[in-house]
Amino acid sequence: MADPNAVPFFDDDEPPAPGGGIAARAMAGVMRARTGGAGDYLEGLNPEQCEAVQTLDGPLLVLAGAGTGKTRVLTTRIAHILATGRARPSEILAVTFTNKAAREMKQRVAALVGDVAEGMPWLGTFHSIGTRMLRRHAELADLKSSFTILDTDDQIRLIKQILSAENIDEKRWPARSLAWAIDGWKNRGLAPKDVPPGDGALFANGRGKELYAAYQARLKVLNAADFGDLLLEPIRIFRENPDVLEQYHRRFKFILVDEYQDTNVAQYLWLRLLAPASGPRNLCCVGDDDQSIYGWRGAEVDNILRFDKDFPGAKVIRLERNYRSDAHILGAASHLISHNEGRLGKTLRPQGEDGERVTVTGSWDSGEEARSIADEIESLQRKGSNLNDMAILVRASFQMREFEDRFVTLGIDYRVIGGPRFYERQEIRDALAYLRCVNSSADDLAFERIVNVPKRGLGDATVQTLNGIARSARVPLMEAARLAADTEELKPKQRESLKTLTQNFQRWTQASDAMKHTELAEMILDESGYTEMWRQDRSPDAAGRLENLKELVRSMETFENLQGFLEHVSLVMDADSGEHMDAVTLMTLHAAKGLEYDNVFLPGWEEGLFPSQRTMDESGKAGLEEERRLAYVGITRAKRRAKIYFASNRRIHGMWQSSIPSRFLDELPENHVEVTEAPAAFSNRGFGESRFDKLEPFQNSTYTTPGWQRAQARGGFSERGTGFGSRRGGPTIIEGELVAKSTANAASYDTGERVFHDKFGYGEVLEVEGNKLLVAFDKAGHKRVLDNFVRRP
DNA sequence: CTGGTAGTTCGGTCA
DNA sequence: GAACTACCAG
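Everything numeric here is computed off the predicted structure, so don't read it as measured data. All residue numbers refer to position in the chain's written sequence, counted from 1. Going through the entries in the order they are written, you letter the chains from A and number the ligands from 1. In keeping with the predicted nature of the model, local features appear solely for residues at pLDDT of at least 70, side-chain atom pairs appear and are counted solely at 80 or more, and the whole-chain, interface and lining totals rest on all residues. Derived side-chain values reflect all non-hydrogen atoms in the structure, with water molecules and hydrogen atoms excluded from consideration.

Draft legend 1. Quick look at the pattern of salt bridges. We count a salt bridge whenever a side-chain nitrogen from Lys or Arg sits within 4 Å of a carboxyl oxygen from Asp or Glu. Counted under the stated rule, the structure contains 58 salt bridges. Asp 153 is paired through a salt bridge with Arg 449; the nearest N and O atoms lie 3.1 Å apart. One end of the pair, Asp 153, is in helix 6 (residues 152–165); the other, Arg 449, is in helix 19 (residues 444–450), with 296 residues separating them in the sequence. Type-normalised accessible area, obtained with a 1.4 Å probe on protein chains alone, sets the label of each residue: buried when under 20%, exposed when over 50%, and partly exposed for intermediate values. Judged by relative accessible area, which is 16%, Arg 449 ranks as buried. The closest approach of N and O atoms between Arg 349 and Glu 320, which form a salt bridge, is 3.2 Å. Linking Arg 349 in strand 10 (residues 349–350) with Glu 320 in the loop between strand 8 (315–319) and strand 9 (321–322), this pair joins segments that are 29 residues apart in sequence. Its relative accessible area of 37% is what places Arg 349 among the partly exposed residues. One connected set of salt bridges, linked through shared partners, spans Asp 151, Asp 153, Asp 154, Arg 157, Arg 429, Asp 430, Arg 436, Asp 443 and Arg 449. The helix count covers DSSP runs of H or I at least four residues long, the strand count covers runs of E at least two residues long, and both are numbered beginning at the N terminus.

So, in structure tokens, the structure goes:
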């Protein structure tokens, strides 16, 4: 499965020879499908879908309710464009949010038109396409086209460095929150200079803006981009270079956007630039305002609500026929969502049976809730349902534990979606860091990650020293390590370690040309002592980690070389774990969007948990409406049965709290709902297993503090910004400081000069060799040191 | 530099 | 209640 990024980005630049190219093959494919009888691709579409597929000219918004065949419309539309010869595969820009969606779209287009979908280089996620564009025009963004993409982990470490360099107390201003803020700015399309003063004041007494600028400057030095840059930089490039933008205008005959309700400002701007309001731009956005659940991540429902104002003359097509859920389920969901204001308005129309009513079940506590759901699952299973057809959708991931415990006890197979992803695991990231270092010796963040993994006696202090050397000599850390191994800044032990390490890397890098990259990876993991480290590890998950490392090497096979693999990994790569077995799916409501199951269990419908108190505190009414949309998404995942639960007592942060049923329960229409009680609730003082299980909560609940006031008492972000802002330095100042620092230190010394060294004291310079000095210290004797460690007395 | 302990924090999630 | 971090002692 080739990722678009794995192919060189200029592949599609050459137009195919007239008549013989990919487009012709595409058409042939469609023709085959058509004459093959199995179907004209338009067959089986309802009138609205058909219209959405065939309305090719001008801006089009398809409002596709849950389960109305949205993906089908998108893919058929692409097939239609290709079949009618309106564009070649490389002239269609199709963006999704997730890799999964992109993959699915690619597969389904391929099913319609044949393998040509592989020839669709511009079908992908916002980020993968942004990467492609940025690599092509890297020099316009002050980067090399080989730039590395930082993930959240790298980002945090980088920010930590900046904070400590700026002497900012990490306790009061954690790197996380700055990362969060920067992310937020980037989501809103703001470069450091555009950050409004009020916003910048939110961090470190008004220094947020300058720190953001410093962070950006560091990224350029490291030849790196974070996820936000993958969109922001192309936007800037387009704005500053109309000729570049013009190339893309000429190229893209059609633009398609999936899940438009989830676009943030940056993505919106990016799309606006690529599809200007005027001219024959054929932009088709598909989305559902009722399923916008990522406001906290910067998504602007507004984008979809004002589509026809942004693109005058836009046509709006509503898909309202729902093929997924039975009538009772849709009735419940529709009535619930009707409590939201500011909707575009859509009514899902059921196509099938009434089915079963939505059930609402109350339990004493979360344990009982888990038991009664597990019982229900077993009973459905006895009646012949597959576990694969069941899902439990929770609001917050801490709710999952209770279910996992229960499933383990009962021996019910289950899978969790959305845990730490494969490539986010520690061992995978470590292994990747080694590979990144071999791929590019300038990858400082990767180097820093593995310099002391496994333990080599190279701790914080050593890394600090190396950083100092790297900064003053303006070389990457790897080079700094090589330098430091020859001088006497460090203790012999550390120098020895560094020497071995850098020599190893040198060897590996040389070997990388001649070897197969999978073998190279194995060799590196072996010789570095990394696999050995896990073999020695006694913790229970060590074996699994070794297994993961093997899996990593295996997954490299599908790539031609190391470079291609690393590119893929930074953007894509998720583990397709255990799809084959029959198991209940456990995941958050957010993760469930776009999926469907026969039986859906929705536990934890309690005030404070769902709707989440925190969301309501932060975003008020808008927050509540987003929670309601989340509830709507949850219910509409169900095809046959939707079962809702709430518990009277729940342990939160280790403390038992009593809770009241969610207001969303009151918003469900009576005629579609059946209220039941957990069977075990009747045996409160009784017998059987439940007595045992209930003992504990009963006792503890006497200590229960009522309600959610405590959570409310905690201030939101908004409080922080007020009252500060005494200092407001522009970003240029801080950049100047950074530059000044590194150049000032670079000034070298003459022989015979007196110098002072923090560790060795006063001395006289005997020799100067680049930035290395031989100094005769008064007390410490002759030492080789780097010039930035001494100063004039 | 390492390993232990004490203190803190605790939302969802995609690249 | 647990997991992660930061600090401290060896």
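Next comes the rest of the write-up.
Draft legend 2. Representation of the packing of helix 6 against helix 7 (residues 175–187) within the structure. Two elements in contact, helix 6 and helix 7, have axes separated by 9 Å at closest approach and are oriented at 110 degrees. Of the possible angle classes, the one that applies to helix 6 and helix 7 is roughly perpendicular. For the crossing formed where helix 6 meets helix 7, the hand is right-handed. Residue-level contacts link Gln 155, Ile 156, Ile 159, Lys 160 and Leu 163 of helix 6 to Ala 175, Arg 176, Leu 178, Ala 179, Ile 182 and Asp 183 of helix 7. Angular values range over 0 to 180 degrees, each being the angle between N-to-C directions of two axes fitted as lines to C-alpha atoms, with helices fitted over their stretch in contact. Our angle categories are set so that under 35 degrees counts as roughly parallel, over 145 as roughly antiparallel, 65 to 115 as roughly perpendicular, and the remainder as oblique. Left-handed is the label given to a crossing in which the near helix is rotated counterclockwise from the far helix by less than a right angle, and right-handed is the label when the rotation is clockwise. We call two residues contacting when some pair of their heavy atoms lies within 4.5 Å.

Draft legend 3. Main features of the state of the cysteines. Throughout, disulfides are identified as pairs of cysteine sulfur atoms within 2.5 Å of each other. One pass over the full model with this rule turns up zero disulfides. Unpaired in terms of disulfides, Cys 285 finds its nearest cysteine sulfur in Cys 284, a separation of 6.7 Å. For Cys 285, a relative accessible area of 1% gives the class buried.

Draft legend 4. Representation of the protein's contact with DNA strand B. Around DNA strand B sit 32 residues, and of these Ser 397, Arg 421, Thr 588, Arg 614 and Thr 615 come closest. Near residues are defined by distance, with any heavy atom within 4 Å of the molecule or strand qualifying the residue. Within 4 Å of the protein, the contacting atoms of DNA strand B are drawn from sugar and phosphate to the extent of 55%. Measuring from a base nitrogen of DNA strand B, one finds a side-chain N or O atom of His 127 at 3.2 Å. At 3.2 Å from a base nitrogen of DNA strand B is found a side-chain nitrogen or oxygen belonging to Trp 296. Contributing elements (two or more residues each) for the surface near DNA strand B: helix 20 (460–473), helix 27 (589–592) and helix 28 (613–636). Side-chain classes follow a simple rule in which Ala, Val, Leu, Ile, Met, Phe, Trp, Tyr, Cys and Pro form the nonpolar group, Asp, Glu, Lys and Arg form the charged group, and the remainder, Gly included, forms the polar group. Among the residues forming the surface near DNA strand B, the class breakdown is nine nonpolar, 15 polar and eight charged. Pairs of N or O atoms within 3.5 Å make up the polar contacts considered here, provided that, within protein, one atom can donate a hydrogen while the other can accept it, and that residues adjacent in sequence are counted only when both atoms are side-chain atoms.

Draft legend 5. Structural detail: empty space enclosed by the protein. Using only the protein atoms, space was sampled on a 1 Å grid; points where a 1.4 Å probe fits but cannot get out form cavities, open sets with protein on both sides within 12 Å along at least five of seven lines form pockets, and lining residues are those with an atom within 4 Å of a point. Grid points are joined across faces, edges and corners, and a volume is the space filled by probe spheres set on the points. Applying the stated criterion across every chain yields a total of four cavities of 30 Å³ or more. By volume, the largest cavity amounts to about 290 Å³. Counting residues per element, the ones that place at least two in the lining of the largest cavity are strand 4 (148–150), helix 18 (426–439) and helix 26 (562–571).

Draft legend 6. Looking closely at the environment of Pro 661. Along the chain, Pro 661 turns up in the loop between strand 17 (655–658) and helix 29 (663–666). Accessibility expressed as a relative area gives 38% for Pro 661, which makes it partly exposed. Residues Pro 661 and Asn 282 lie 379 residues apart in sequence; the distance between their C-alpha atoms is 47 Å. In contact with Pro 661, other than residues within four places in its own chain, are Trp 605, Glu 606, Glu 607 and Phe 646.

Draft legend 7. Region of the structure containing the protein's contact with DNA strand C. In the neighbourhood of DNA strand C, the contacting residues comprise Lys 171, Arg 401, Arg 651, His 653 and Gly 654. For DNA strand C, the fraction of atoms within 4 Å of the protein that belong to sugar or phosphate moieties is 56%. At a separation of 3.4 Å, a base oxygen of DNA strand C approaches a polar backbone atom of His 653. Looking at the surface near DNA strand C residue by residue, the classes come out as no nonpolar, two polar and three charged.

Draft legend 8. View of the sheet that holds strand 1 (residues 60–64). In space, the six strands of this open sheet follow the order 3-2-6-7-1-8, with parallel pairing throughout. Each end of this open sheet is capped by a strand with a single partner; those strands are strand 3 (123–125) and strand 8. The sheet shows a mean angle of 15 degrees between the axes of neighbouring strands, direction not considered. The strands touched by helix 4 (residues 99–113) within the sheet are strand 2 (92–96) and strand 3, with strand 3 carrying the most contacts at an inclination of about 165 degrees. Any two strands with at least two DSSP-identified bridges between them are counted as paired.

Draft legend 9. Molecular detail of helix 20. Multiplying one less than the number of residues by 1.5 Å gives the expected span of a helix. For helix 20, spanning 14 residues, the distance from its first C-alpha to its last is 20 Å, which sits close to the expected 20 Å at 1.5 Å a residue. Along helix 20, the positions that sit buried rather than exposed are Thr 462, Val 463, Thr 465, Leu 466, Asn 467, Gly 468, Ile 469, Ala 470 and Ser 472. Arg 474 lies just past helix 20 and shows a positive phi near 55 degrees.

Draft legend 10. Highlighting the packing of aromatic side chains. Whether two aromatic rings pair depends on their centres lying within 6.5 Å, for rings of Phe, Tyr and Trp, where Trp uses its six-membered ring; planes under 30 degrees apart make the pair stacked, over 60 edge-to-face, and the rest tilted. Here the structure, examined in full by the defined rule, presents 22 aromatic pairs. Residues Trp 185 and Tyr 212 carry aromatic rings whose centres are separated by 5.4 Å and whose planes lie at 20 degrees to one another, so their mutual orientation is stacked. Residue Trp 185 is found in helix 7, and its partner Tyr 212 is found in helix 9 (residues 208–221); the two are separated by 27 residues along the sequence. Residue Trp 185 shares its accessibility class with Tyr 212, and that shared class is buried. On the basis of an interplanar angle of 50 degrees and a centroid distance of 5.8 Å, the ring pair of Tyr 294 and Trp 296 is categorised as tilted. Relative accessible area serves as the criterion here: at 47%, Trp 296 is assigned to the partly exposed category.

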